[in-house]
Amino acid sequence: MMMKDLTQVVHHPQVNEQGFASLAVPVYRASTIIFDSAQAYADRKDRGPDGYSYGLHGTPTTKMLEAQLSALERADHSVILPSGQAAIAILFLTILKAGDDVLIPDNVYPAVRGFCQDYLAPRGIGHRIYDPMIGAGIGDLIGPATRLIWTESPGSTSMEVGDLPAIAEVARARSVLTGCDNTWATPLLFKPLNIGMDFAMEALTKYVGGHSDLLLGSLSLRDRAWYERIRSTMRMLGIGVSPEDCALALRGIETMGVRISHIGGISTDFAHRLQSMPAVAKILHPALSDCPGHDHWKRDFSGASGVFSVVLAPDCDGALDQALGALHVFAIGASWGGSRSLIAPMSLAQARTVTPWPHVGRLLRISIGLEDPADLWDDLSRLLTALTPVGADG
Ligand SMILES: *Cc1c(COP(=O)(O)O)cnc(C)c1O
């Protein structure tokens, strides 16, 4: 039957898909999903957390990213959230109820501490902060109300590498859940679930996206019941993600292996070479033998990524802002994982509450990008030379 124009315009013509096979990820967009029958519509709830019922809860593009992350994390289930911070918040809100508490490390991503202090605490959910190097000593902090131990390793600015297998073992023996913010390593360099963590979290915004143009986070896990509870929290809060962003993340994953091994090599090389510069008090990089937790890194990780920190000699502070303004290749900025190299001046002394920060000088957090390493070295060594304290030789 011939449709009138105003009917035709809302019906997409069928086209032949036979013989079309693309290597690219198809982007399936949807709010509404339609059903072949009234019965199928009535039964849509029976499709479960992996079925399609509404675009908010996932399209084939979202499911493809979930499946790819599950494969890389050695997980059975993954969910995609609008940001790394959203992934952490949704996990905490799923597990924790009034009267419970969560343990977080003193080097945790700062927004997580803020979430605990300013959102969870007023709702009766407690948190305790632990020394990131605590290892099996975490057992002493587990109380009857402790439901979750959150870890982040290496700490994303201070770079300590915790003994995560020891924490996972103690937690499991005491029936406490564990989760790991694995953003620095990505599942290519470390797989939290393989060492006994219950939840692996990634800020896909960083290395997975890889181009500083998307925001997404993920949670991966093996337990079916927790997976269903997380999905249910997302439904109740109305959380979903754009399939376009998921397709970009899938594209980013395709090149993540070569990007990480390239920038990991450069960051490790620079970390070694920077140590001897007079403006440098200490380099914080897991591949250096004096980095707290270096032995854990060697044991548990298969390599380094591109983020590390430079602790400046204390008397460099005055010249810092001007010297940063003279950078040509590095951009000044805080996020990381994209193609451009970034540098961010930071101070950690105020951020710590249970483990005093041992360094006096300010910190430069560096994220190596994809530029020519010789240009990067020129820029960085010029910066540090400009910061050389008066009277220092060399
Ligand atoms: C960036 C980051 C987050 C938060 O991710 P967003 O997508 O920016 O919300 C969490 N943890 C670590 C270690 C990060 O670097």
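Residues numbered from 1 in each chain as written. Predicted model: local features only at pLDDT ≥ 70, side-chain atom pairs only at ≥ 80, totals over all residues. Heavy atoms only, no water.

Enquirer: Sorry, what's going on with the site of the ligand here?
Expert: The ligand sits among S83, G84, Q85, Y109, E152, S156, D181, T183, A203, T205, K206 and W336. Taking D181, its side chain carries an N or O atom lying 2.6 Å from a nitrogen atom of the ligand. Summarising the interface, the protein chains cover 91% of the accessible area of the ligand, which totals 370 Å² for the free molecule. Placement of the ligand is best described as lying within the largest pocket. Across the shell around the ligand, the residue classes tally to three nonpolar, six polar and three charged. (Near = heavy atom within 4 Å. Polar contact = N/O pair within 3.5 Å; in protein donor to acceptor, adjacent residues only side chain to side chain. Areas by Shrake-Rupley, 256 points an atom, 1.4 Å probe, with all protein chains shown as cover. 1 Å grid on protein atoms, 1.4 Å probe; cavity = no way out; pocket = protein on both sides within 12 Å on 5 of 7 lines; lining within 4 Å. Sits in = over half its atoms within 2 Å of the grid points. Nonpolar A, V, L, I, M, F, W, Y, C, P; charged D, E, K, R; others polar.)

Enquirer: Even after reading the chapter, I still don't get unusual backbone geometry, so can you show me in this structure?
Expert: Outside of glycine, negative phi angles account for most residues, and trans bonds account for most peptide bonds. In this chain, S153 is followed by P154 through a cis amide linkage whose omega measures -10 degrees. Following the sequence through the fold, P154 ends up in the loop between β4 (146–152) and α6 (164–173). For R74, which is not glycine, the phi dihedral falls at a positive 55 degrees. Within the secondary structure layout, R74 lies in the loop between α3 (60–73) and β1 (77–81). Residue class for R74 comes out partly exposed when judged on its relative accessible area of 43%. Positive phi outside glycine occurs at T186, with the angle close to 60 degrees. Mapped onto the elements of the fold, T186 is located in helix α7 (residues 186–189). Residue classification places T186 among the buried residues on the basis of a relative accessible area of 2%. (Helix = DSSP H or I, 4+ residues; strand = E, 2+ residues; numbered from the N terminus. Buried < 20%, exposed > 50% of the residue type's maximum accessible area, 1.4 Å probe, protein only.)

Enquirer: Explain the pairing of strand β8 (residues 280–284) here, please?
Expert: Look at any regular strand and the pattern is simple: side chains alternate between the two faces of the sheet. Of all five residues making up β8, four are buried, and the element is well covered by its neighbours. With four bridges joining them, β8 and strand β9 (residues 307–312) adopt antiparallel strand pairing. Considered in β9, the bridge of K282 is made with V311. (Pairing = 2+ DSSP bridges.)

Enquirer: What should I look at first to understand the domain arrangement of the protein in this one?
Expert: Reports of interface size often rely on the accessible area that becomes lost once the parts have come together. We note that the domain assignment places domain 1 (38–250) and domain 2 (255–387) within the protein. The gap between the C-alpha centroids of domain 1 and domain 2 is 27 Å. The interface is formed by 33 residues belonging to domain 1 together with 38 residues belonging to domain 2. Roughly 3100 Å² of surface becomes buried between domain 1 and domain 2 when both sides are summed, with 63% attributable to carbon and sulfur atoms. The largest per-residue losses of area from domain 1 upon contact with domain 2 belong to T157, W184 and Y207, which jointly make up 25% of the total buried on that side. At the junction of domain 1 and domain 2, the tally comes to two salt bridges. Residue E160 is joined to R352 by a salt bridge in which the shortest nitrogen-to-oxygen separation is 2.5 Å. Taken together, the links from domain 1 to domain 2 amount to 20 residue pairs in polar contact (both at pLDDT 80 or more). (Domains from an automatic or database assignment. Contact = heavy atoms within 4.5 Å. Buried area = accessible area lost by both parts, 1.4 Å probe. Salt bridge = Lys/Arg side-chain N within 4 Å of Asp/Glu carboxyl O.)

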